[in-house]
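Listed below, chain by chain, are the residues.
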Amino acid sequence: MSEERSYATCRLSEENRDHPVETTILALYKVLLEKGDVDAFLTFTEKKQGGGMQAISVEASTDVSRLDHLLFSQYLVAGLPRLLSIPKVIHSQLRGCFDKKIALLARPCEIEALVELSKRNQIAFENLFIIGLECPGCVSLSDLLTAAKKQGVDPSKIEYCEMTPSEVAIRETAGKSVVLKLDQNMKLRECCTRCSYREPPICDVTLSAWRRVLSRNPTILIRPVTERGKSCIESAKTQGSLIAANDSELSEKGQIDSTIRSIEKNASEELAKENEELAKLEGNQRFKHLKGMLDPCTKCGLCIRACPVCWCKDCILLKKIKTIDSLLLHATRLVHMGDTCVNCGKCDENCPKGIQLSKIYYGLAVELGKLTGYKPGLDLVQSSQRSGKVILSKG
Ligand code: SF4
Ligand code: SF4
Ligand code: SF4
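Everything in this summary refers to the structure shown in the same document. (Residues numbered from 1 in each chain as written. Chains lettered and ligands numbered in written order. Predicted model: local features only at pLDDT ≥ 70, side-chain atom pairs only at ≥ 80, totals over all residues.)

1. Digging into the overall build of the chain
Applied cut-off: Helix numbering and strand numbering both begin at the N terminus, where a helix is a DSSP run of H or I of at least 4 residues and a strand a DSSP run of E of at least 2. Computation of the radius of gyration draws on C-alpha atoms alone. For the globule rule, the value is 2.2 Å times the number of residues to the power 0.38. Our contact criterion uses C-beta atoms placed from the backbone: two residues qualify when those atoms are within 7 Å.
The helix and strand tally for the chain stands at 15 helices and 11 strands. Taking 395 residues into account, the globule formula puts the C-alpha radius of gyration at 21 Å, and the chain, at 21 Å, falls close to it. Judged by the C-alpha coordinates and their principal axes, the chain covers about 65 × 55 × 40 Å. Taking all contacts inside the chain whose residues are at least 6 apart in sequence as the whole, residues at least 24 apart take part in 73%.

So this is what it looks like as C-alpha cells:
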C-alpha cells in the first residue's frame, strides 16, 4: 500500500459531526483500550466546576464516552495554560509512565520534549502511544479571549474553538459562529513563528486537522507511522469507526502538505533572521543586547518550573534564586539545558515580565547544533554533546 493510500478518516454521524477531531481520536483510544495496548489515555478536564477555559487539568482516563469538547478544542488552539504541558504531565503527574501505558495527543514540540526526557531516563517513551498532531501553531489564551470579546463574544458562552494556520473559529452556545483572522491583535505565539518542525518527529500515528473551520467540510486525516499505529487504525476500520480516505481528501492532503512546507520554510527564515541580527552585533554589543533583554527578570523562577525539558527534582538554580544575579541565573541555566531547548514557548508564556526567553534559549540550541550536529528532540538515539556518554566516548 502506498503511504498516501494508508490515510484514514473518521466516519461521522449527525451526533458527532461537530467534533470530528475528537471523534477520530476517541476511535483510536477505544481500540487501544479494548486491545489492552494502553492502560488509559490523557484527557482534559475542568480543574473546578465552572472553571471554563482558564482552569484546565490533564488526567489519565479510561472513559471514552466522556470528553470535554471545549477544553479539548482549547488545547488545540491555545495549548495548555500556565505551568501545565503534556511532557510535565507524563514526567511528574504520571511518574514518567514507567508503570503504565498511556495514549496521548501531542504537538511536535511536546513530543520533542518527551524525547529529551526519555534520553535522560526520565520517562518510559516506549509506554506512550502518541498521536502526533501536524501543528498549525497556537495563540495565547488571553489574546484569544480578548479578540473574542472585541467581536462581541461572551467568553463564558464559548463552547468550541478551532484553528487553521490563518484563523481561529469560535462557536458559542447559542450556535453563533465567529471567525477571527490571525493579525496583530491575535497572532501566533512568537515561538510558533520560528518553528520549522510542524510534523511530529516521532509518533505512532499522525493526525492532520488543518481544514476544519466550522462551516467548511473538515478534512481530518490519520496515517500510521509504527506497526502498532497501523494495527490500531486497521482495527478501528474493522469496527467501522474509521474509513479509508477518499481521493478528494487525499488530494486536499497534498495541498496541506505544500502549505506545511511553505510555513516551515518561512519559519526557518524567521529563525535565521533572528540569529543573524544577533550575530551582526560585536561581542560587547551582543552581551549588552542580551543583558537588556534579561534586565526585567525578577527571578520568579516560573520559566524554570514551566520548562518541559527541565527535570531536576532538586534544581540548584531554584534553591539559590534569591541570592544570584538574574544574568547569572540565565547564563547558568543555558549551560544546564540550553542545547536541549525545543522552542515550546512555555517560558515566554509564563514570564510575568514578557521576556521572550525562547528566542535566546532556542537561538543558542540552534547555533550549538550547527557546531555539534545535535538537534534536540528529533530522535531517540542521538546524544547531546555534553552528555556523560558522549564525553566518555571521546576518552
Ligand atoms: S512551537 Fe511548533 S510544534 Fe509547538 S505549538 Fe508552536 S508550531 Fe506547534
Ligand atoms: S527554554 Fe523555554 S522554549 Fe526552551 S524548552 Fe524550555 S520552556 Fe520550552
Ligand atoms: S519567568 Fe521571567 S521574571 Fe521569572 S525568572 Fe524567568 S525570566 Fe525571570
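And the narrative resumes.
2. Side note on the sheet that holds strand S6 (residues 158–163)
Defined as follows: Whether two strands pair depends on DSSP finding at least two bridges between them. Lines fitted to C-alpha atoms define the axes here, with helix axes fitted over just the stretch in contact, and angles between the N-to-C directions of these axes take values from 0 to 180 degrees.
If you walk across this open sheet you meet the 3 strands as S6-S7-S8, and the pairing is antiparallel. Where the open sheet ends on each side, the last strands, each with one partner, are S6 and strand S8 (177–181). When the angles between neighbouring strand axes are averaged without regard to direction, this sheet yields 20°. Where S6 lies against strand S7 (residues 167–172), 5 bridges are found, and the strand directions are antiparallel. Opposite Tyr-160, over in S7, you have Arg-171 as the bridge partner.

3. A closer look at helix H3 (residues 86–93)
Inclusion rule: Counting other C-beta atoms within 10 Å of a residue's C-beta gives its exposure: the residue is buried at 20 or more, exposed at 12 or fewer, and partly exposed in between, where C-beta atoms are placed from the backbone.
Of all the 8 residues making up H3, 6 are buried; the element is thus mostly covered by neighbouring parts of the structure. Three or more residues of H3 are buried, namely Ile-86, Pro-87, Lys-88, Val-89, Ile-90 and His-91. Looking one or two residues past H3, Arg-95 carries a phi angle of roughly 50°, positive in sign.

4. Focus on the site of ligand 2
Definition in use: Any residue whose backbone-placed C-beta atom lies within 6 Å of a molecule or strand is treated as near that molecule or strand. Lys, Arg, Asp and Glu make up the charged group, whereas Ala, Val, Leu, Ile, Met, Phe, Trp, Tyr, Cys and Pro make up the nonpolar group; the residues left over, Gly among them, are polar.
Around ligand 2 lies a shell of 15 residues, among which Cys-307, Cys-341, Cys-344, Cys-347 and Ser-358 are the nearest. Mapped by element, the contributors of at least two residues to the shell around ligand 2 are helix H13 (346–350) and helix H14 (357–372). Here the shell around ligand 2 takes 4 residues from H14, the largest share from any one element. Of the residues belonging to the shell around ligand 2, the class tally is 11 nonpolar, 3 polar and 1 charged.

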